[in-house]
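Structural overview
Letter by letter, the chains look like this.
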Amino acid sequence: MTLSALALVLFAALLHAGWNAMVKAVDDRAGVLAAVSAAHAVLGLILVLNFPLPARASWPSIAASALLHYGYYILLFRAYRMGDLSQVYPISRGLAPAVVALSAMVLIGESLAPLGWFGVACVSAGVLILALQRGAAQASHAAVVFAICLGLLIAAYSVADGIGVRRSGNAFSYMGWLFVLEFPVPLTIGLMRRRAGGRFGPRVLAMGATGGIAAVSAYGIVLYVKTIAPLGAVSAVRETSVVFAALIGILWFGERPVTGRLLAAAVVAAGVMAIAVS
């Protein structure tokens, strides 16, 4: 992975951690998720109207990724409803790099150098340290199960997107149709909210829109880098968002303990360096 690709993925990781912090900062998580997915759909429509159709070979990946994203939103909502963000997030994101690297090796014959595999192992170990060092014994078993399922879904759509964007002929075309197909998410949440007689507060909409822009930017950057760098390496570096989330938790939310989080950050940083060098 080149230094420019590494820098892009690290920036995407920071953006992703930022919008997840916004989800944690409000009580109406469904409202924020609806606004985030609505922002995806709006940007997707803009891209669809300005870029050609993606190649036919990429449509199975678009369909698979869209369906997996529906499941992602459902599990994300339920996992955060039952468990703590600083534990659900590391577990779900920590599983993805190893699963993606193994899947890419099996499905498309793409393998990392030994140092790259060491880096993947370090990143995964670092995020698992974050997950396990904070009240693991008291964690909700249901939340942990949801987090594990969430991690498998993340790995699945990461592989689908990595294959699909390479076959699409145009990353922006692929992104556009994938984002447009998220419109059922805000539509469903909005109809359910209206049926219950509720509404979306201005603060929730504003934070959701900001989070949506950050999420779209982060996802778009990662999709682009997947066209120029190995899927396993991109997925591993992408998961440094867990470290950024831990630092945000320490500085913004006052979460503790600090030592375990900083140790995990050091392990992940070592992994990122190993992947970059490889």
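Residues numbered from 1 in each chain as written. Predicted model: local features only at pLDDT ≥ 70, side-chain atom pairs only at ≥ 80, totals over all residues. Heavy atoms only, no water.

Here the focus is empty space enclosed by the protein. Tallied over the entire structure, the rule returns 3 cavities of 30 Å³ or more. Taken as a whole, the largest cavity holds about 270 Å³ of empty space. For the lining of the largest cavity, the secondary structure elements donating two or more residues are helix H1 (3-25), helix H2 (29-50), helix H3 (59-82), helix H6 (141-168), helix H9 (202-225) and helix H10 (231-238). With 5 residues, the single largest contributor to the lining of the largest cavity is H9. Here the residues of the lining of the largest cavity are counted per class, giving 11 nonpolar, 5 polar and 5 charged. (1 Å grid on protein atoms, 1.4 Å probe; cavity = no way out; pocket = protein on both sides within 12 Å on 5 of 7 lines; lining within 4 Å. Points joined across faces, edges and corners; volume = space filled by probe spheres on them. Helix = DSSP H or I, 4+ residues; strand = E, 2+ residues; numbered from the N terminus. Nonpolar A, V, L, I, M, F, W, Y, C, P; charged D, E, K, R; others polar.)

This part covers the pattern of salt bridges. This structure, assessed with the given rule, holds 1 salt bridge. Asp28 is the partner of Arg193 in a salt bridge, and the nearest nitrogen-oxygen pair spans 3.0 Å. Taken together, the residues Arg193 in helix H8 (residues 184-195) and Asp28 in the loop between H1 and H2 connect sequence positions 165 residues apart. (Salt bridge = Lys/Arg side-chain N within 4 Å of Asp/Glu carboxyl O.)

So, on to the confidence of the model for the protein chain. Of all residues in the protein chain, 96% attain a pLDDT of 70 or more, and the chain-wide mean is 84. Mean pLDDT values over the elements of the protein chain span from 76, in helix H4 (residues 85-108), up to 93, in helix H7 (residues 171-180). (pLDDT = per-residue confidence, 0-100.)

Let us now look at the packing of H1 against helix H11 (residues 241-251). Here H1 crosses H11 at 45°, and the two axes come no closer than 8 Å. Between H1 and H11, the angle is such that the two are oblique. Crossing hand, H1 versus H11: right-handed. Together, Leu10, Ala13, Leu14, His16, Ala17, Gly18 and Ala21 of H1 and Ser241, Phe244, Ala245 and Ile248 of H11 make up the contact between the two elements. In terms of residue class, the contact of H1 with H11 is made up of 8 nonpolar, 3 polar and no charged. (Axes fitted to C-alpha atoms, helices over the stretch in contact; angles between N-to-C directions. Parallel < 35°, antiparallel > 145°, perpendicular 65-115°, else oblique. Left-handed = near helix turned anticlockwise from the far one by under 90°. Contact = heavy atoms within 4.5 Å.)

The next thing to look at is the packing of aromatic side chains. Per the counting criterion, the structure on display carries 6 aromatic pairs. Measuring from ring centre to ring centre gives 5.6 Å for Tyr72 and Tyr73, while their planes differ by 65°; the resulting arrangement is edge-to-face. Cluster of aromatic residues (ring-pair linked, three or more members): Tyr72, Tyr73, Tyr157, Phe179 and Tyr219. (Phe/Tyr/Trp six-rings, centres within 6.5 Å; stacked < 30°, edge-to-face > 60°.)

Next up on the list: the side chain of His16. Examined against the element boundaries, His16 turns out to sit in helix H1. Judged by its relative accessible area of 8%, His16 is buried. (Buried < 20%, exposed > 50% of the residue type's maximum accessible area, 1.4 Å probe, protein only.)

In this structure, the largest pocket occupies an estimated 430 Å³ of space. Ile74, Phe77, Thr188, Ile189 and Met192 are, among the 14 residues lining the largest pocket, the residues nearest its centre. Where the lining of the largest pocket is concerned, the elements lending two or more residues are H2, H3 and H8. Among the elements that make up the lining of the largest pocket, the one with the highest residue count is H8 (6 residues). By residue class, the composition of the lining of the largest pocket is 11 nonpolar, 1 polar and 2 charged.

What follows is about a nonpolar patch on the surface. Taken together, the side chains of Leu102, Met105, Val106, Leu107 and Ile108 define a hydrophobic patch exposed on the protein surface, amounting to about 470 Å² of accessible area. In this fold, Leu107 is placed in helix H4. Its relative accessible area of 56% is what places Leu107 among the exposed residues. (Patch = residues over 30% accessible without salt bridge, like charges linked within 9 Å, V, L, I, M, F, W, Y side chains within 5 Å. Areas by Shrake-Rupley, 256 points an atom, 1.4 Å probe, with all protein chains shown as cover.)

So, about the nonpolar core. Among the nonpolar cores identified, the biggest contains 78 residues, and Met1, Trp19 and Tyr72 are the most heavily contacted of them. Once residues lying within four places of it in the same chain are set aside, the contact partners of Trp19 are Leu33, Val36, Tyr72, Leu76, Gly211, Ala214 and Ala215. (Core = buried A, V, L, I, M, F, W, Y, C linked by side-chain atoms within 4.5 Å.)

Before going further, it helps to spend a moment on the environment of Ala38. Its place among the elements puts Ala38 in helix H2. Among the residues examined, Ala38 registers a relative accessible area of 28% and is labelled partly exposed. In this structure the C-alpha to C-alpha distance between Ala38 and Leu187, which are 149 residues apart in sequence, comes to 8.3 Å.

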